[in-house]
Amino acid sequence: MKETITGAEALMRSLCAEGVRTIFGYPGGAIMPVYDALYDYTRGERKAFDHILVRHEQGAVHAAQGYARVSGEVGVCLVTSGPGATNTLTGVADAMMDSTPIVVIAGQVGVGALGTDAFQEVDLVGVSQPISKWSYQIRRPEDVAWAVSRAFFIARSGRPGPVVLDFPKNAQTNMTEWKPQHIDFVRSYVPFPKVSEQCVREAADIINHAEKPLALVGQGVELGNAHNELIEFLEKGDIPAGRTMLGLSALPSDHPLNVGMLGMHGNLAPNVKEQECDVIIAIGMRFSDRVTGRTDTYARQAKVIHLDIDKSEIDKNVKTDVAVVGDCKVTLPAITRLLRKGNHREWRESFLPLAQKERERVIERAVHPADGPLLMGEVVNAVAEATKGEAVLVTDVGQNQLFACRYFRFKRRRSVVSSGGLGTMGFAIPAAIGASFGAPDRTICAFMGDGGLQMCIQELGTIMEQQTPVKMVLLNNNYLGNVRQWQDMFFDRRKSFTRMLNPRYEKIAQAYGIAYRCVLDRADLPAAIDEMLAAKGPFLLECAILEEDDVLPITPPGMSVDEMMLDIQC
């Protein structure tokens, strides 16, 4: 006997079929039929989902991102039409830049009202297409199962990314015969390109003849679950490796071939050595401008081998000598099989004097200051030591992000959740909420500045309701710190609207029922961190930071990657 159900019920069943367990959302008029169907799927014998009620739709999409990044699954958020849908667009763009698999499902006015400027109508497909991997409007209930299966296939396969489904109200309420769908093929979409054996051989030959090879490890290793394959490749070739910000946990921090973080605020040694190596092996990274500096002077002496699943990244920013297009879980072992056992001891040891120079002039001052106010680096370092490399790092954007990524440490994969490409302030709190649901067995440490915290401060309400055990570290310097640093360095210290008058965060934490402690004196920092980590629920640790604490080293904009400043010269 044929079973007839509503489009909203079809959505619930389709989400179940995709293995969805957690949904981050905010209801409204145009999505109410779906929320009515959801009611039965969040309680009783039919319970299939946990629905997390956020306080703003931007919070929903960032939470879905955090969930996806630590779990490796597709994050899901559910919102209404109009402003509900447009409030997700920052997160959609963020997910697109950082290759995060999420599906955003938004209500829409009925098909008959489309184009009439009806209440809370917006052309969601039109505005989201340029910033999403796929955007589609489901106009009929019979298309729900197909659209949802296709959305999840596209979001999670190949280079992951965000998908947006626009769901008019009539398609939610009208009836259809239930027919499950499973999509694993889309014409003209090739998520996993066939690997060229010729390119693999060429890459291996170049590496085998290299005297000064350097690997640049990106988030693609994390997304491809190729951590073991990466280590086997590096160890067989005896190849030192620098990591991008989003690729930091792709290689354990204490691995002997790890030579530090790449980029504008990365470590001195890998940035300088990019300009000395004879072969660069870029693995799952996109040669961001924050990594390369001036592209016209970047690694001109080196042959470049680029491993990436997305062909559009090849030659986009840096000219490649050999491109190995494909999933790095496949391409890395294919190259490794052809490698001779490498021995680049002299080359590897040449990184050490630069690392020591940075330690003496920057790192020791940042993490072990003799006196004065607290510094961001020492707070991050103290939390990193206390968590022993086992925690998930979530950051906001700005100085807190750069200090956290420089000084946190990682033993486990999928341990970095940060807004890399788009640089979205306000990201940390909702992303940390999502991460806590995606990795409930892990400690989630979220670092933020006073500017970023206030951009999504309403999500403290979500933490309050869910008792999400997020450990929030507020690095409070009373400034929009990164902009202030650039104003000092490049704009004659003209601090134009970067100083902030802050609220009393103790009172805010108290209002939300969140445990709180403020640290003014570094002697109190270890005990405060222990208290935070021992707390069963959420905790806000506010640290009063030196107002003019600066992130160093820095490669100034417009300079070559190796022209790093170890001191501020204003």
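In the block above lies the structure referred to throughout.
Caption draft 1: Local environment of the overall build of the protein. Each helix and strand in the protein was counted, giving 24 helices and 20 strands. Scaling as 2.2 N^0.38, a compact globule of 570 residues should have a C-alpha radius of gyration of about 25 Å, and the protein matches this with 24 Å. Summarising its shape, the C-alpha atoms of the protein cover approximately 75 × 60 × 45 Å along the three principal directions. In the protein, which comprises 570 residues, the proportion classed as buried is 59%. Within the protein, counting contacts between residues at least 6 apart in sequence, those at least 24 apart form 76% of the total. In the form shown here, the protein has an accessible surface area of approximately 22900 Å², with 50% of it arising from carbon and sulfur atoms. When the 60 basic and 69 acidic side-chain charges of the protein are each reduced to a single mean position, those positions are 3 Å apart.

Caption draft 2: Structural detail: the nonpolar core. Formed by 67 residues in total, the largest nonpolar core has its most connected members in Phe287, Phe408, Phe447, Leu475 and Cys543. Look past the residues within four positions of Phe287 in its chain and what remains in contact with it is Leu216, Ile280, Ala282, Thr292, Tyr298, Val304, His306, Asn317 and Val318.

Caption draft 3: Local environment of helix H22 (residues 481-490). Among the residues of H22, Gly481, Arg484, Gln485, Gln487, Asp488 and Met489 are the ones counted as buried. Tucked into the core, H22 has its buried residues touching helix H18 (399-407). Of the residues trailing H22, Asp492 is marked for its positive phi of about 55°.

Caption draft 4: Main features of the sheet that holds strand S19 (residues 515-519). Within the open sheet, the 6 strands sit side by side as S16-S15-S17-S18-S20-S19. Their pairing is parallel. In the strand order of this sheet, the two ends are held by strand S16 (416-417) and S19, each with one partner. Bridge analysis of strand S18 (residues 470-476) against strand S20 (residues 539-544) gives 6 bridges, and the strand direction is parallel. Across the sheet, Lys471 pairs through a bridge with Phe539, a residue of S20. Helix-sheet contacts for helix H19 (residues 428-438) involve strand S15 (392-395), S16, strand S17 (444-449) and S18, and the interaxial angle to S17 is about 175°.

Caption draft 5: Here's a closer look at the layout of surface pockets. Estimates place the volume of the second largest pocket at around 790 Å³. Forming the walls of the second largest pocket are 32 residues, and the residues nearest its centre are Ser253, Asn258, Gly260, Asn267 and Arg359. Contributions of two or more residues to the lining of the second largest pocket are made by strand S11 (258-261), helix H15 (345-349), helix H16 (352-367) and H18. By residue number, the principal contributor to the lining of the second largest pocket is H16, which donates 7 residues. Classifying every residue of the lining of the second largest pocket by side-chain character gives 16 nonpolar, 7 polar and 9 charged.

Caption draft 6: Structural context of the state of the cysteines. One pass over the structure, following the stated rule, counts 0 disulfides. The thiol of Cys77 is unpaired, and the distance to the nearest cysteine sulfur, on Cys456, comes to 13 Å. Counting only cysteine sulfurs, Cys518 is the nearest neighbor of Cys543, a cysteine outside any disulfide, at a range of 7.5 Å. In this structure Cys543 comes out as buried when scored by relative accessible area, which is 0%.

Caption draft 7: Geometry of the pairing of strand S6 (residues 134-137). Examined bridge by bridge, S6 and strand S7 (residues 162-168) share 4 bridges and lie parallel to one another. Bridged to Ser135 within S7 is Val164.

Caption draft 8: Representation of the sheet that holds strand S4 (residues 75-79) in the model. Read across the open sheet, the 6 strands follow the order S3-S2-S4-S5-S7-S6; overall the sheet is parallel. This sheet does not close on itself; its edge strands, each paired only once, are strand S3 (50-53) and S6. Across the sheet, the mean angle from the axis of one strand to that of its neighbour is 20°, orientation sign disregarded. Relative to strand S5 (residues 102-108), S4 runs parallel, the two being bridged by 5 bridges. Considered in S5, the bridge of Cys77 is made with Val104.

Caption draft 9: Structural context of the pattern of salt bridges. Counting across every chain of the model gives 34 salt bridges. The partner of Arg201 in a salt bridge is Glu197, and the shortest N-O contact between them spans 4.0 Å. With Arg201 and Glu197 both in helix H9 (residues 197-208) and 4 residues apart, this pair spans about one turn of that helix. Classification of Arg201 by relative accessible area gives partly exposed; the value is 43%. Glu364 is the partner of Arg359 in a salt bridge, and the nearest nitrogen-oxygen pair spans 2.9 Å. Taking relative accessible area as the criterion, Arg359 reaches 36% and is therefore assigned partly exposed. One continuous salt-bridge network, built from bridges that share partners, spans Arg484, Asp488, Arg493, Lys495, Glu548 and Asp550.

Caption draft 10: Region of interest: the side chain of Ser560. Along the polypeptide, Ser560 turns up in the segment after S20. Looking at Ser560, its side chain comes within polar contact range of the side chain of Thr297, at 2.6 Å. Filtering out sequence-adjacent residues up to four positions away, Ser560 remains in contact with Gln275, Arg294, Thr297 and Thr555.

Caption draft 11: Summary view of the packing of aromatic side chains. Going through the model one piece at a time under the given rule, you end up with 13 aromatic pairs. Aromatic pair Tyr41 and Phe49: ring centres 6.0 Å apart, planes at 25°, arrangement stacked. Residue Tyr41 is classed as buried on the basis of its relative accessible area, which comes to 5%. With a centroid separation of 6.2 Å and 85° between ring planes, the pair formed by Trp134 and Trp146 is classed as edge-to-face. In this pair, Trp134 is assigned in strand S6 and Trp146 in helix H7 (residues 144-156), connecting sequence segments 12 residues apart. Each residue in the set Phe24, Tyr67 and Phe437 is aromatic and connected to the rest through ring pairs, giving one cluster. When the ring centre of Phe351 is taken as reference, the NZ or CZ atom of Lys273 above it lies at 5.8 Å.

Thresholds, definitions, all that
- Residues numbered from 1 in each chain as written.
- Predicted model: local features only at pLDDT ≥ 70, side-chain atom pairs only at ≥ 80, totals over all residues.
- Heavy atoms only, no water.
- Helix = DSSP H or I, 4+ residues; strand = E, 2+ residues; numbered from the N terminus.
- Rg over C-alpha atoms; globule rule 2.2 N^0.38 Å.
- Buried < 20%, exposed > 50% of the residue type's maximum accessible area, 1.4 Å probe, protein only.
- Contact = heavy atoms within 4.5 Å.
- Areas by Shrake-Rupley, 256 points an atom, 1.4 Å probe, with all protein chains shown as cover.
- Lys, Arg positive; Asp, Glu negative; His and termini not counted.
- Charge placed at Lys NZ, Arg CZ, Asp CG, Glu CD.
- Core = buried A, V, L, I, M, F, W, Y, C linked by side-chain atoms within 4.5 Å.
- Pairing = 2+ DSSP bridges.
- Axes fitted to C-alpha atoms, helices over the stretch in contact; angles between N-to-C directions.
- 1 Å grid on protein atoms, 1.4 Å probe; cavity = no way out; pocket = protein on both sides within 12 Å on 5 of 7 lines; lining within 4 Å.
- Points joined across faces, edges and corners; volume = space filled by probe spheres on them.
- Nonpolar A, V, L, I, M, F, W, Y, C, P; charged D, E, K, R; others polar.
- Disulfide = S-S within 2.5 Å.
- Salt bridge = Lys/Arg side-chain N within 4 Å of Asp/Glu carboxyl O.
- Polar contact = N/O pair within 3.5 Å; in protein donor to acceptor, adjacent residues only side chain to side chain.
- Phe/Tyr/Trp six-rings, centres within 6.5 Å; stacked < 30°, edge-to-face > 60°.
- Lys NZ or Arg CZ within 6 Å of the ring centre and 35° of its normal.

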